[in-house]
Amino acid sequence: MLGSGQTLVFSPKALKVFEKYRQISRSQPESGGLLFAKFDMPVIKIDIATPPQPEDRKSRFLFVSNPDTRRTIVRRYFRKGLHFIGEWHTHPQSEPTPSGLDVNSMKELFRQSVHELNYFVMVIIGNRTDNLSLWVSLHDATDMYQLSPCGSTDQSCNLTFAALRYRILGKYVGQESKSIK
Ligand SMILES: [Zn+2]
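This text gives an overview of the structure that appears in the document. Just so we're clear, the structure is a prediction, and the values are computed from it rather than from any experiment.

Rules of the game
Residues numbered from 1 in each chain as written. Predicted model: local features only at pLDDT ≥ 70, side-chain atom pairs only at ≥ 80, totals over all residues. Heavy atoms only, no water. Phe/Tyr/Trp six-rings, centres within 6.5 Å; stacked < 30°, edge-to-face > 60°. Core = buried A, V, L, I, M, F, W, Y, C linked by side-chain atoms within 4.5 Å. Buried < 20%, exposed > 50% of the residue type's maximum accessible area, 1.4 Å probe, protein only. Helix = DSSP H or I, 4+ residues; strand = E, 2+ residues; numbered from the N terminus. Contact = heavy atoms within 4.5 Å. Donors = N, O, S within 2.8 Å, 3.2 Å for Na, K, Ca; no water.

**Some details on the packing of aromatic side chains**
Within this structure, the stated rule accounts for eight aromatic pairs. Here the aromatic cluster, defined as three or more aromatic residues joined through ring pairs, consists of Phe-36, Tyr-77, Phe-84, Phe-110 and Phe-120.

**Let's talk about the nonpolar core**
Of all hydrophobic cores here, the largest spans 39 residues; its most connected members are Phe-18, Leu-35, Ile-85, Val-121 and Val-123. It is strand β7 (residues 120–125) that contributes the most residues to this core, six residues altogether. If we skip the residues at most four places from it in the chain, Leu-35 touches Phe-18, Ile-46, Ile-48, Ala-49, His-83, Phe-84, Ile-85, Gly-86, Glu-87, Trp-88, Val-121 and Val-123.

**Here we look at the coordination of the zinc ion**
In the first shell of the zinc ion, the protein supplies His-89 (NE2), His-91 (NE2), Asp-102 (OD) and Asp-102 (OD), at 2.0 to 2.5 Å from the metal. Between the donor residues of the zinc ion, the gaps in sequence give the motif H-x1-H-x10-D. On the criterion of sequence distance, the pair formed by His-89 in strand β6 (residues 83–90) and Asp-102 in helix α3 (residues 100–112) is long-range, its members being 13 residues apart. When its relative accessible area of 7% is taken as the criterion, His-89 is described as buried. The exposure class assigned to Asp-102 is buried, which follows from its relative accessible area of 8%.

Rendered as structure tokens:
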């Protein structure tokens, strides 16, 4: 998104949800939910991360959102001017990386959803306790592009917990020229 000039930003509200559902204890299942964005070009702000729903499939190594529940939630937020832009889920890994299943389900989600976006966003939350470790990538029907974090003033990426809590931005800019919208 560097070439496109677009920036993906997480609201403090969304980051709090990520923080809350991290798989810290051994017994915790994977959690996940939907991401909803506001477009204030060139800034795409992920405003809402919805919590896991009772109908979702959850285990230690798997999270699959329920399609019917997903449709209902997508409609509800669309009426509030928020656009479905992808999904988040947790991994029991300190530096999370997507599984083959994750990549395939994002392809499916992109193909099957009604939208006008070039890419959907996938966020995977790691289980570090000293920091919020995130995997962030863009997906279309065939490809995946990982985004890298940047700080508000430099590329040092010092996204400490305190900073995430008190700063408005958790910014991600990709190395490639990709525009979400
Ligand atoms: Zn996964």
